[in-house]
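Architecture at a glance
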Amino acid sequence: METVNIVEVGPRDGLQNEARPIALTDKLRLIDQLAEAGEKHIEAGSFVSPKWVPQMAESAQIFNALSRRPGVRYTALTPNVRGAEQALKARADEFAIFTAASESFSQKNINCSIAESLERFAPVMDLARTHHIPVRAYVSCVMGCPYEGAIRPNTVTEVSARLLEMGCYEVSLGDTIGVGTAGSWRALLKQLLQHIPVKNLALHCHDTYGQALANCLVGLDAGIRTFDASVAGLGGCPYAPGASGNLATEDLVYMLAGCGMHTGIELDALISAGNHICAALGRQNASKVAAAHNAQHSARNR
Ligand code: HMG
Ligand code: MG
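Residues numbered from 1 in each chain as written. Chains lettered and ligands numbered in written order. Predicted model: local features only at pLDDT ≥ 70, side-chain atom pairs only at ≥ 80, totals over all residues. Heavy atoms only, no water.

In the vicinity of ligand 1 lie 28 residues, with Lys51, Arg82, Asn109, Ser140 and Thr176 positioned nearest. Between asparagine 111 and ligand 1, the recorded distance is 3.0 Å, taken from a side-chain N or O atom to an oxygen atom. Measuring from an oxygen atom of ligand 1, one finds a side-chain N or O atom of arginine 120 at 3.1 Å. In isolation ligand 1 offers 1,100 Å² of accessible surface; the protein chains occlude 78% of this area. Elements that contribute at least two residues to the shell around ligand 1 include exactly helix H1 (10-14), helix H4 (81-89), helix H5 (103-110) and strand E6 (135-140). The element that contributes the greatest number of residues to the shell around ligand 1 is H4, accounting for three residues. Its residues placed into classes, the shell around ligand 1 shows 11 nonpolar, 12 polar and five charged. (Near = heavy atom within 4 Å. Polar contact = N/O pair within 3.5 Å; in protein donor to acceptor, adjacent residues only side chain to side chain. Areas by Shrake-Rupley, 256 points an atom, 1.4 Å probe, with all protein chains shown as cover. Helix = DSSP H or I, 4+ residues; strand = E, 2+ residues; numbered from the N terminus. Nonpolar A, V, L, I, M, F, W, Y, C, P; charged D, E, K, R; others polar.)

In terms of nonpolar packing, the biggest core is built from 97 residues, with Phe63, Phe95, Ile97, Leu163, Leu173, Trp185 and Leu252 touching the most fellow members. Looking at this core element by element, the count peaks at seven residues for helix H6 (residues 114-130). Once you skip the residues sitting within four places of it in the chain, leucine 173 turns out to touch Val139, Val142, Val156, Ser160, Trp185, Leu189, Leu192, Leu201, Ala202, Leu203 and His204. (Core = buried A, V, L, I, M, F, W, Y, C linked by side-chain atoms within 4.5 Å. Buried < 20%, exposed > 50% of the residue type's maximum accessible area, 1.4 Å probe, protein only. Contact = heavy atoms within 4.5 Å.)

The magnesium ion (ligand 2) binds to the protein through Asp13 (OD), His204 (NE2) and His206 (NE2), with metal-donor distances spanning 2.1 to 2.2 Å. All donors of the magnesium ion (ligand 2) come from a single chain, and their spacing in sequence reads D-x190-H-x1-H. Of this pair, aspartate 13 sits in helix H1 while histidine 204 sits in strand E8 (residues 201-205), and the two are 191 residues apart along the sequence. Taken as a pair, aspartate 13 and histidine 204 share a single burial class, namely buried. (Donors = N, O, S within 2.8 Å, 3.2 Å for Na, K, Ca; no water.)

Let us now look at helix H11 (residues 267-281). Its 15 residues give H11 an end-to-end C-alpha distance of 21 Å, which sits within 8% of 21 Å, the value for a rise of 1.5 Å per residue. Buried positions along H11 lie against helix H2 (24-36), helix H10 (249-258) and helix H12 (288-300). One or two positions beyond H11, positive phi appears at glycine 282, with a value near 65°. (Expected span 1.5 Å × (residues − 1).)

For the structure on display, the rule yields 13 salt bridges. Among the ionic contacts, a cluster of salt bridges with common partners joins Arg12, Asp13 and Glu43. (Salt bridge = Lys/Arg side-chain N within 4 Å of Asp/Glu carboxyl O.)

As a further point, take the pairing of strand E5 (residues 94-100). Of all seven residues in E5, seven are buried; the element is thus mostly enclosed. Pairing analysis gives three bridges linking strand E4 (residues 73-77) to E5, with the strands arranged parallel. Residue alanine 76 lies in a different strand from E5, and its bridge partner there is phenylalanine 95. Assessed by its sense of winding, the connection that carries the chain from E4 through H4 to E5 is right-handed. Pairing of E5 with E6 involves six bridges; the strand directions are parallel. Bridge pairing links phenylalanine 98 to tyrosine 138 in E6. (Pairing = 2+ DSSP bridges. Right-handed = clockwise from strand over helix to strand, strands pointing away.)

Once that is clear, we can look at a negative patch on the surface. A cluster of acidic residues, Glu103, Glu116, Glu119 and Glu148, forms a negative patch at the surface. Here glutamate 116 lies in helix H6. (Patch = residues over 30% accessible without salt bridge, like charges linked within 9 Å, V, L, I, M, F, W, Y side chains within 5 Å. Lys, Arg positive; Asp, Glu negative; His and termini not counted. Charge placed at Lys NZ, Arg CZ, Asp CG, Glu CD.)

This paragraph deals with the state of the cysteines. Overall, the coordinates contain zero disulfides when judged by the stated rule. Cysteine 141 supplies the cysteine sulfur nearest to cysteine 112, a cysteine that is in no disulfide, at a spacing of 14 Å. Cysteine cysteine 278 remains unbridged, with the sulfur of cysteine 216 as its closest cysteine sulfur at 19 Å. (Disulfide = S-S within 2.5 Å.)

Spatial relationships are all this shows, so hold off on functional conclusions.
Right, here's the structure in full:
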């Protein structure tokens, strides 16, 4: 059976956009339940400015209080060397740097140009190298930008190649506003894969237009074996107005199981983790698979 890696971004991408305060205990319980469900790669927090993203201000406390399970990688977003130093101190297992394929989005999100962001990452990479910390990279807006509209595939290729040259082991291609379709993803991957090995790419699909699952299938067919997802479809980006959450992890796990792919994730336990955090947030579970499962469960108990 072939294995597919899932990077769970719910505790970071999922929660960063929540307006209401979330109890630290709820965040910690979510992370632990995701690990208990068999998730091996969990983005647990973000060392960015608390003025820009207040919901992530407690990330150091989260990393310090985590009950770390063997074999699970707890990772952190690090926008600059200051964030990376904090992540190192908090014992994050991996850094994630992030830039964009759109100049306007880069300015809105991290207050600098794409070129400046790459300069900021150089000392992050040095720190990571010294401490043997793996670094993952995100490129946002690969399918379109909320401010600029269409994005040239060439720009995505150039920025991704640069991040790999700098020493990142993987580039996660972010469809930040979820506008990509099977057609546009196929076209982008066709061009990217002429320059970048498929093993160095991951897909990060937001589900704003309901296309994320189909887009992941295109990635899977192209040979991609790492996908980002967010339990219960939580989330959105504070600097991409209207963007909804990522593809729900439950929906991805269900599809991959149906395709005969191994993820190591136990669906019932994952659904339960999603239900718990949705109850804590007072939100509806955005996973279709969880909704179907929950409806069957309550019908059985009637
Ligand atoms: P800046 O204004 O260019 O930097 O921000 P600065 O050095 O001038 O600092 C500004 C303020 O931030 C100062 O505080 C610094 O001390 C503080 P003040 O003097 O105003 O009180 N600061 C920090 N505080 C804590 N930790 C740090 C840090 N660095 C500076 N590491 C910066 C640059 C990147 C920090 C800022 O723009 C920022 O925090 N942006 C937030 C970006 C963000 O988190 N966006 C959401 C995540 S990205 C995403 O969701 C997309 C993704 O999911 C993929 C996809 O879907 O496409 C990954
Ligand atoms: Mg995202």
